[in-house]
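In case you want the letters, here they are:
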Amino acid sequence: MSTLEAAEPDTHGHDDHGHDHPAFLAHHFDTPEQQFDSGKLGIWLFLVTEVLFFSGMFCAYAIFRMTRPDVFEGCSQFLNTKLGAINTGVLLFSSLTMAWAVRCSQTEEHKKLTALLAATLSCAMVFLGVKSIEYSHKWGMGLLPAGYFTYNPNNPHPEGGTNWLIWLCLPFALLLVGVVIWLVISVVKGNKFQTACAMPLSVVCLSFFLGVGLGTILESGEAQGGHDVAHADADHPAGAVDAAGSVVSQDETVVGGGVVRERLVKDASNTGLQDEFVARRTQMELATGTVVTDRSDVADAVSAVPQEVLTPSRAGVFFGIYYCMTGVHAIHILGGIGVLVWLLVRSIRQDFNRQYFGPVDYVGLYWHLVDLIWIYLFPLLYLIR
Amino acid sequence: MSSGSIPKGRIVRDPGFPTERENYLTTSKGVFSWLFTLDHKRIGMMYLVGVTVAFLVAGLLALAIRFHLLAPGGWLFNRPIFKSFTDKDPNDIYNQVFTLHGAIMVFLFIIPSIPAALGNFLVPVMLGAKDVAFPRLNLSSFYLWVFGAIFFVSALFASGLDTGWTFYTPYSTTTDSSVILATMGAFILGFSSIFTGLNFIVTINTMRPPGMTWFKMPLFLWATYSTSIIQVLATPVLGITLLLLIAERTMHIGIFDPEFNGDPVTYQHFFWFYSHPAVYIMILPAFGIISELISVHSHKHIFGYRFIAYSSIAIALLGFLVWGHHMFTAGMSSLTTIIFSALTFTVSIPSAIKVFNWLATMYKGSISLTTPMCYALSFIFLFTIGGLTGLFLGTLATDLHLHDTYFIVAHFHYVMVGGTLVAFMGGVFHWWPKMVGKMYNEFGGRISAALVFLGFNLTFLPQFVLGSRGMPRRYATYDPEFAFLHQVSTFGALLLGIGILVALVVLMYSLWNGRKAPANPWGGATLEWMCTSPPPFYNFDRAPVVGDPYDFEFIEWDNENERYVTAEPERKLAPGQKPEPVHAKH
């Protein structure tokens, strides 16, 4: 019944920690091991919720890939495999530096830990830089989710649209300017700690533009050499593309909910709308008392739908899933950057030691998961031919 | 067993009353000492206040629904007073009111009620720990709850919400009401729920005191643990579903909206994959409370401890396999419906195991009909009806007839209100002396239990009849032949409201005029009764003695001081062993 604990004297005072309670140990834990184990279990459970969070989108991917394989294969041609591959490499490398950083925090190599965290952060920024090239390029071409899909194969690069790249780069440029100003001020004031923080962070911000540059070079190479080929390669008959394109181009300028709906009514390939019309007609017939026996006309109507790929209701679904999956992944990268910056500052403060390296370990696990999800996204979205 | 005076030669343990300084309520003062507290007990109390307010709001909406259904053509929203400040159609008002009633009750009250309010207070104390594993995460999950609530309230004031709490597509992607605000609210509340569950799993895994093995845990902890598993595994799927719904509304990604070639049945699958397990998030902690209440107030060891513990886990796992029974009429293949129907019946096995074990616990126990026990008894009665009528709905053939009728409404209210709400109130009455350190008026408490029981049955028994006669749910008007039963139901709802009001008054009155509560007012053997009422800031002055949580052998009624104390026989000490400290402070 009784345990040893009951007989032990009360070691933890109410307000002050006993001498055996180091500063990094929270008051409600007894030992550093208990604190570390709790954190580790906590982060693993959090990763489980993350996997389940993404599982919803993987599930949607599986359903629509199964029902419309032609759409997925056709639209995948628009994704730039080179950029995806570069990003995969960058993320894999960042996982290496992260794992190395965890090791350094355990061995108390503070300088190396800071350098490795900064390297991981820089890789994350390069990833985002490349990604913003990919996004802005597709937005410019009108390769968007079903509601805003305006791609026209006869005029893939319409003139005079918004330059999305500038808008995507703007927050990072402001960030870079801010960090550089901070660096200058802290150097002038001679604040060593702030200088030590601002120096790696300005390198990190700069790497975003490294990514943008890298992406621009690869994307433009694609445009000169293989761009038209890549687009023509898409597995869809040219005639069908023209038909769909003419439908879409009728009112190119207006983008908005109601108009989009009206436009989609003209979109013959929308099986969902087809079904709805047939259902409504049947309902009307039933309401007037007609006995409906032969429903072969429904099957005919459905099978008669032309199978173009590049229409808003078909390609739009692929791009909807593409933007949801990569967008949520990019948000996770941004979150990872946030916690990595926090770790960087703490590592410069030399908070971590042999007994207390939990936060580095946990963020490392999170970072590997974000990396792992990209490892799945890359082949599923880019490499289907 | 409580038998009167304490035999001679026993070590009496009783922590007595807390001093001003060590009592968690008075250890620090000021609003900010509450708003930024990391103490799990204070966070639990803030949750308790929050969910009670949400419950009262949603309860008033329920009364409004019932009063609209007083007359076949609709009564309340047709009154001139409504016409004077809104030009909305009365039927539209009705749609918005029942949607908000459901959404607030589910997302803001029932899901956080027992785990977040009572669980936060009790889990660390029952474990003899100082706090949960992640106190900051705990506080942030409370504030996420507050933000989620703000989103819901702003949806109410923006342009209302009339989709029903399930947000089914395609209606939710086409209606003009504020779906995005409400789904953002539900998304945020989901994270609040995930963080609470994650915190409890880690706390129970890593912070059990020495000597407390898995099978020496109180059953409330088993119930909380299985609830937390569901919260962690199911809620993220709801999160992504709602996020995709928001994307569907704003960008038309074409996953759920048939107009853009999406599939609305996919939405239903995604939604119920979370929301069916969520039903068990609502009911499992209630099972935990009832296990404690029945055992303590019968002063008898719980019958079939392991069966109750395992059945909680079994319900948590089986709950993931049955979501399709919400969609029998949504156009699934007949094979799928048969499989889901068969799996649905398996859930009834662990539920029945629990009910039988509670009955066996009471058998030959010395039952005291205290207020918590009255609530526990009405729980068993109401939950049994709720569970058995669930079998009608799990059966394919009868479900086709009963789907979307008042039969469903009555069934899930018997489980959610008759089950979860009644258990929650029983739990609040049971742990109230521990939480605030005051005893309430027993007579008033029993009156409230009786009124709630009567009012509840009067409200929802007629709805079974209404539903089986074909009255569809969610309708603002009805045929005159249903008028009598609807009016009985409305009268019952009023009675139920009065019962809840009485409970509230009794509890509030005790804050000012209640007798000081002893450490162990009921004679419980779990650890929370071993610390003072209310507990000190760090819960225990020294780590408590861990024993069988349902062993009442040494719990004795102390005639002199009128309270339960632990009185163990003196044991011979091994050489070198120090004598156990005596807790009494007289």
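1. Some details on the overall build of chain B
Link 1 in the chain: Per the secondary structure count, chain B includes 16 helices and three strands.
Link 2 in the chain: Scaling as 2.2 N^0.38, a compact globule of 586 residues should have a C-alpha radius of gyration of about 25 Å, and chain B matches this with 25 Å.
Link 3 in the chain: For chain B, the C-alpha atoms occupy an extent of roughly 80 × 50 × 45 Å along the three principal directions.
Link 4 in the chain: Burial statistics for chain B: of 586 residues in total, 58% are counted as buried.
Link 5 in the chain: In chain B, once contacts between residues fewer than 6 apart in sequence are set aside, the share between residues at least 24 apart is 82%.

2. Digging into the overall build of chain A
Link 1 in the chain: Of regular secondary structure, chain A possesses 14 helices and zero strands.
Link 2 in the chain: Ordered by position from N to C terminus, the α and β elements of chain A give α-α-α-α-α-α-α-α-α-α-α-α-α-α.
Link 3 in the chain: Classification of the 385 residues of chain A by burial places 34% in the buried group.
Link 4 in the chain: In chain A, once contacts between residues fewer than 6 apart in sequence are set aside, the share between residues at least 24 apart is 80%.

3. Points about the confidence of the model for chain A
All names here are of chain A.
Link 1 in the chain: Averaged over chain A, the pLDDT score is 79; the fraction of residues at 70 or greater is 71%.
Link 2 in the chain: Helix α14 (residues 358–382) holds the highest mean pLDDT among the elements of chain A, 96, whereas helix α1 (residues 4–7) holds the lowest, 36.
Link 3 in the chain: Throughout residues 1–18 the model reports pLDDT below 50, and contacts reaching past four residues in sequence, or to other chains, amount to 29 contacts.
Link 4 in the chain: Counting contacts from residues 224–261, a segment whose pLDDT is below 50, to residues more than four positions away or on other chains yields 41 contacts.

4. Some points on the packing of helix α10 (residues 305–318) of chain B against helix α11 (residues 334–362) of chain B
All names here are of chain B.
Link 1 in the chain: Two numbers describe how α10 lies on α11: the axes approach to 9 Å, and their chain directions differ by 155°. Between α10 and α11, the interaxial angle falls into the category roughly antiparallel. In this structure, the crossing between α10 and α11 has a hand that is left-handed. Along the contact surface, α10 presents Phe 307, Ile 308, Ser 311, Ala 314, Ile 315 and Leu 318, while α11 presents Thr 346, Val 347, Pro 350, Ser 351, Ile 353, Lys 354 and Asn 357.

5. As for the nonpolar core
Link 1 in the chain: Residues Ile321(A), Ile104(B) and Ile290(B) are the most contacted members of the largest nonpolar core, which totals 265 residues.
Link 2 in the chain: In terms of residue count, helix α4 (residues 90–126) of chain B provides more of this core than any other element does, 23 residues in total.
Link 3 in the chain: Not counting chain neighbours up to four residues away, the residues in contact with Ile321(A) comprise Met57(A), Ala60(A), Tyr61(A) and Phe64(A).

6. Thoughts on unusual backbone geometry
All names here are of chain B.
Link 1 in the chain: Cis peptide bonds are those with omega within 30 degrees of zero, and the linkage from Thr 169 to Pro 170 qualifies with 0°.
Link 2 in the chain: Position of Pro 170 among the secondary structure elements: in the loop between α5 (135–158) and α6 (171–174).
Link 3 in the chain: Residue Pro 534 is reached from Ser 533 by a cis peptide bond, and omega for that bond is -10°.
Link 4 in the chain: Here Pro 534 shows up in the loop between α16 (483–513) and β2 (555–558).
Link 5 in the chain: Although it is not a glycine, Arg 474 sits at a positive phi angle of roughly 70°.
Link 6 in the chain: For Asn 539, which is not glycine, the phi dihedral falls at a positive 70°.
Link 7 in the chain: Mapped onto the elements, Asn 539 comes out in the loop between α16 and β2.
Link 8 in the chain: On the neighbour-count criterion, Asn 539 (26 C-beta atoms within 10 Å) is buried.

7. Let's talk about the sheet that holds strand β3 (residues 563–569) of chain B
What holds strands together in a sheet is hydrogen bonding between their backbones, with the strands either parallel or antiparallel.
Residues and elements named next belong to chain B.
Link 1 in the chain: The sheet built from three strands is open, its strands ordered β1-β3-β2 with antiparallel pairing. At either margin of the open sheet sits one strand with a lone partner, and together these are β1 (10–13) and β2. Averaged over all pairs of adjacent strands, the angle between their axes in this sheet comes to 45°, without regard to strand direction.
Link 2 in the chain: Looking at chain direction, β1 and β3 are connected through four bridges and run antiparallel.

8. What to know about the packing of α4(B) against helix α8 (residues 219–251) of chain B
All names here are of chain B.
Link 1 in the chain: Between α4 and α8, the least distance of the axes is 11 Å, while the angle of their chain directions is 125°. Comparing the axis directions of α4 and α8 gives the class oblique. In this structure, α4 meets α8 at a crossing whose hand is left-handed. Contacts from Pro 115, Gly 119, Leu 122, Val 123 and Met 126 of α4 reach α8 at Phe 220, Leu 221, Thr 224 and Thr 227.
Link 2 in the chain: Looking at the contact of α4 with α8 residue by residue, the classes come out as six nonpolar, three polar and no charged.

9. Quick word on helix α4 (residues 81–106) of chain A
Residues and elements named next belong to chain A.
Link 1 in the chain: In this model α4 runs 38 Å from its N-terminal to its C-terminal C-alpha over 26 residues, within 8% of the 38 Å that 1.5 Å per residue would give.
Link 2 in the chain: Within α4 the residues assigned to the buried category are Leu 83, Gly 84, Asn 87, Val 90, Leu 91, Ser 94, Ser 95, Met 98, Ala 101, Val 102, Cys 104 and Ser 105.
Link 3 in the chain: Phi for Glu 108, located one or two positions after α4, is positive at around 60°.

10. Concerning the pairing of β2(B)
Residue and element names in this part refer to chain B.
Link 1 in the chain: Taken together, the four bridges between β2 and β3 define a ladder with antiparallel strand orientation. Across the sheet, residue Asp 558 finds its bridge partner in β3, namely Arg 563.
Link 2 in the chain: Counted along the chain from β2 to the antiparallel partner β3, the turn is four residues long, and its residue Glu 562 has a positive phi close to 55°.

11. Considerations on the confidence of the model for chain B
Link 1 in the chain: Here chain B averages 91 in pLDDT, while 96% of its residues score no lower than 70.
Link 2 in the chain: We note a pTM of 0.87 for the whole complex and an ipTM of 0.91 for its interfaces.

12. A few points about the environment of Val506(B)
All names here are of chain B.
Link 1 in the chain: Here Val 506 lies in helix α16.
Link 2 in the chain: The spacing of Val 506 and Asn 441 is 65 residues in sequence and 6.5 Å in space, taken between C-alpha atoms.
Link 3 in the chain: Setting aside residues up to four positions removed in sequence, Val 506 forms contacts with Tyr 440, Asn 441, Gly 444, Gly 445 and Ser 448.

13. Side note on the environment of Gly190(B)
Residue and element names in this part refer to chain B.
Link 1 in the chain: With respect to the helices and strands, Gly 190 occurs in helix α7 (residues 179–206).
Link 2 in the chain: Owing to 28 C-beta atoms within 10 Å, Gly 190 belongs among the buried residues under this scheme.
Link 3 in the chain: Considering only alpha carbons, one finds Gly 190 and Ser 226, 36 residues apart in sequence, at a separation of 17 Å.
Link 4 in the chain: Not counting chain neighbours up to four residues away, the residues in contact with Gly 190 comprise Thr 235, Leu 238 and Gly 239.

What counts and how
- Residues numbered from 1 in each chain as written.
- Chains lettered and ligands numbered in written order.
- Predicted model: local features only at pLDDT ≥ 70, side-chain atom pairs only at ≥ 80, totals over all residues.
- Helix = DSSP H or I, 4+ residues; strand = E, 2+ residues; numbered from the N terminus.
- Rg over C-alpha atoms; globule rule 2.2 N^0.38 Å.
- Buried ≥ 20, exposed ≤ 12 C-beta atoms within 10 Å, placed from the backbone.
- Contact = placed C-beta atoms within 7 Å.
- pLDDT = per-residue confidence, 0-100.
- Axes fitted to C-alpha atoms, helices over the stretch in contact; angles between N-to-C directions.
- Parallel < 35°, antiparallel > 145°, perpendicular 65-115°, else oblique.
- Left-handed = near helix turned anticlockwise from the far one by under 90°.
- Core = buried A, V, L, I, M, F, W, Y, C linked by C-beta atoms within 7 Å.
- Pairing = 2+ DSSP bridges.
- Nonpolar A, V, L, I, M, F, W, Y, C, P; charged D, E, K, R; others polar.
- Expected span 1.5 Å × (residues − 1).

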